[in-house]
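Listed below, chain by chain, are the residues.
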Amino acid sequence: MTNRHAYTEAEQAAIYKAIAERRDMRHFLPTPIAPELLTKLLQAAHHAPSVGLMQPWRFIRISAPSLRKAIHAQVDAERIKTAQAIGEFETTARMAEFMRLKVEGVLDCGEVLVATLCDHREKHIFGRRTLPEMDIASVSCAIQNMWLAARAEGIGMGWVSMFDPVKLAKLLNMPDGAKPIAILCLGYVNSFYKAPMLVEEGWAKEKPLAEMLMENQWQNDVESK
Ligand SMILES: Cc1cc2nc3c(=O)[nH]c(=O)nc-3n(C[C@H](O)[C@H](O)[C@H](O)COP(=O)(O)O)c2cc1C
């Protein structure tokens, strides 16, 4: 059946290519990103769907080098705490493995953005009465839009969630109720990882779709399939 609403084959291929080749990047070149390109990527984020058209995303561009260093210090402190927790709840070998991973590129990338949830979110009830976390889901949609647009532009992006949101909110002078949820590192790269870096480094394995898909009801054996 032909569908007159469908994109051309080439357009479709480009969309699927960006989805498949998007990677979470932690290695960057210091080349700056032109302001017009950064605006384009932010606009892509801003096109995202949001619960009740809430548009709860706010982006803080970090242009002051001293602030970037302070953010990096917070991330590094949390990296150490994460390693300790892995040592406690998993094994010391796993902790050592974690410490060898590169988990952020805050100091190396061309641009750092902090993606945050806005304040006064309690006023937004549409779609959130039983699921208040739909605000964070909406910001995640915006981040994913930016991630895909960045990949299409040849720009790498890394999502860093290793930080204490209270401390970061204080550093960025955020109002009560607003919450940082992602530090986004953006920049030119030497090459994109062919597979998730955590897979390339042997830290984790990807599971196939078949293990995530059920029919009609929850299947308890689905994980062991
Ligand atoms: C919500 C979220 C938070 C993440 N936080 C971090 C992080 O703090 N540090 C990191 O190295 N990667 C982080 N990542 C990236 C994931 O590790 C990465 O997406 C995953 O390993 C799959 O790799 P891929 O994005 O290249 O497909 C995060 C990703 C998401 C979606």
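All of the points below concern the structure found in this document.

So, on to the overall build of the chain. When helices and strands are counted, the chain shows seven helices and four strands. When its helices and strands are written in sequence order, the chain yields α-α-β-α-α-β-α-β-α-β-α. In the chain, which comprises 225 residues, the proportion classed as buried is 38%. For the chain, contacts bridging at least 24 residues in sequence account for 78% of all contacts bridging at least 6. In the form shown here, the chain has an accessible surface area of approximately 14000 Å², with 56% of it arising from carbon and sulfur atoms. Positive and negative side-chain charges of the chain, numbering 27 and 27 respectively, have mean locations separated by a distance of 3 Å.

Around the ligand lies a shell formed by Arg22, Arg23, Asp24, Arg26, Val103, Trp159, Val160, Ser161, Met162, Pro196 and Leu198. Between Arg22 and the ligand, the recorded distance is 2.8 Å, taken from a side-chain N or O atom to an oxygen atom. Interatomic distance of 3.5 Å between a backbone N/O atom of Met162 and an oxygen atom of the ligand. Isolated, the ligand exposes 620 Å² of accessible area, and the fraction of that covered by the protein chains is 72%. Looking at the shell around the ligand, its residues break down into six nonpolar, one polar and four charged.

Attention now goes to the packing of aromatic side chains. Applying the stated criterion across every chain yields a total of two aromatic pairs. Plain terms: the ring middles of Trp147 and Trp159 are 5.9 Å apart, the flat faces sit at 45 degrees to each other, and that makes the pair tilted. One end of the pair, Trp147, is in helix H5 (residues 134-152); the other, Trp159, is in strand E3 (residues 156-160), and 12 residues separate them in sequence. Under the relative-accessibility criterion, Trp159 is labelled partly exposed at 26%. Directly above the ring of Trp147 sits Arg22, whose terminal nitrogen or CZ lies 4.4 Å from the centroid. Seen from the ring of Phe192, Arg151 lies directly overhead, with NZ or CZ sitting 3.7 Å from the centre.

Taking 1.5 Å of rise per residue, 12 residues should cover 16 Å, and helix H2 (residues 35-46) covers 16 Å from first to last C-alpha, within 8% of that figure. When H2 is considered as a whole, its buried residues turn out to be Leu37, Leu38, Leu41, Ala44 and Ala45. Summarising the axial view, the buried residues of H2 lie within an arc of 115 degrees, below the 170-degree limit, and thus occupy one face. Structural note: H2 exposes Pro35, Glu36 and Lys40 on the side pointing more than 90 degrees away from its buried face. Buried residues in H2 make contact with strand E1 (57-62), strand E2 (111-117), H5 and strand E4 (179-187).

Turning to the packing of helix H3 (residues 65-89) against helix H4 (residues 92-100), a few remarks are in order. Closest axis-to-axis distance for the H3/H4 pair is 7 Å, and the angle between their directions is 155 degrees. Relative to H4, the element H3 lies roughly antiparallel. Every pair of crossing elements has a handedness; the one defined by H3 and H4 is right-handed. Along the contact surface, H3 presents Arg79, Ile80, Thr82, Ala83, Gln84, Ile86 and Gly87, while H4 presents Thr92, Arg94, Met95, Phe98 and Met99. Within the contact of H3 with H4, the residues separate by chemical class into six nonpolar, four polar and two charged.

We now examine the pairing of E4. Most of E4 is tucked away: eight of the nine residues are buried. Here seven bridges tie E2 to E4, and the two strands are oriented antiparallel to one another. What sits directly across from Val112, in E4, is Cys185. When E3 meets E4, the two strands line up antiparallel, connected through five bridges. Paired with Val160 across the bridge in E4 is Ile183.

What follows deals with the side chain of Arg121. Locating Arg121 in the fold gives a position in the loop between E2 and H5. You can call Arg121 buried: its relative accessible area is 16%. Excluding its chain neighbours within four sequence positions, the residues that come into contact with Arg121 are Met54, Arg128, Asp135, Gly177 and Lys179.

With that out of the way, let us pick up the nonpolar core. Formed by 29 residues in total, the largest nonpolar core has its most connected members in Ile71, Phe98, Val114, Leu168, Leu172 and Ile183. If you list the elements that add at least two residues to this core, you get H3, E2, helix H6 (165-171) and E4. No other element matches the four residues that H3 contributes to this core. Sequence-distant contacts of Phe98, defined by excluding residues within four places in its chain, comprise Arg79, Thr82, Ala83, Ile86, Val103, Met162 and Trp203. In this structure, Leu37, Leu41, Ala142 and Ala182 belong to the second largest nonpolar core, which totals 22 residues.

Cut-offs used in this document
Residues numbered from 1 in each chain as written. Predicted model: local features only at pLDDT ≥ 70, side-chain atom pairs only at ≥ 80, totals over all residues. Heavy atoms only, no water. Helix = DSSP H or I, 4+ residues; strand = E, 2+ residues; numbered from the N terminus. Buried < 20%, exposed > 50% of the residue type's maximum accessible area, 1.4 Å probe, protein only. Contact = heavy atoms within 4.5 Å. Areas by Shrake-Rupley, 256 points an atom, 1.4 Å probe, with all protein chains shown as cover. Lys, Arg positive; Asp, Glu negative; His and termini not counted. Charge placed at Lys NZ, Arg CZ, Asp CG, Glu CD. Near = heavy atom within 4 Å. Polar contact = N/O pair within 3.5 Å; in protein donor to acceptor, adjacent residues only side chain to side chain. Nonpolar A, V, L, I, M, F, W, Y, C, P; charged D, E, K, R; others polar. Phe/Tyr/Trp six-rings, centres within 6.5 Å; stacked < 30°, edge-to-face > 60°. Lys NZ or Arg CZ within 6 Å of the ring centre and 35° of its normal. Expected span 1.5 Å × (residues − 1). Arc of directions from axis to C-beta. Axes fitted to C-alpha atoms, helices over the stretch in contact; angles between N-to-C directions. Parallel < 35°, antiparallel > 145°, perpendicular 65-115°, else oblique. Left-handed = near helix turned anticlockwise from the far one by under 90°. Pairing = 2+ DSSP bridges. Core = buried A, V, L, I, M, F, W, Y, C linked by side-chain atoms within 4.5 Å.

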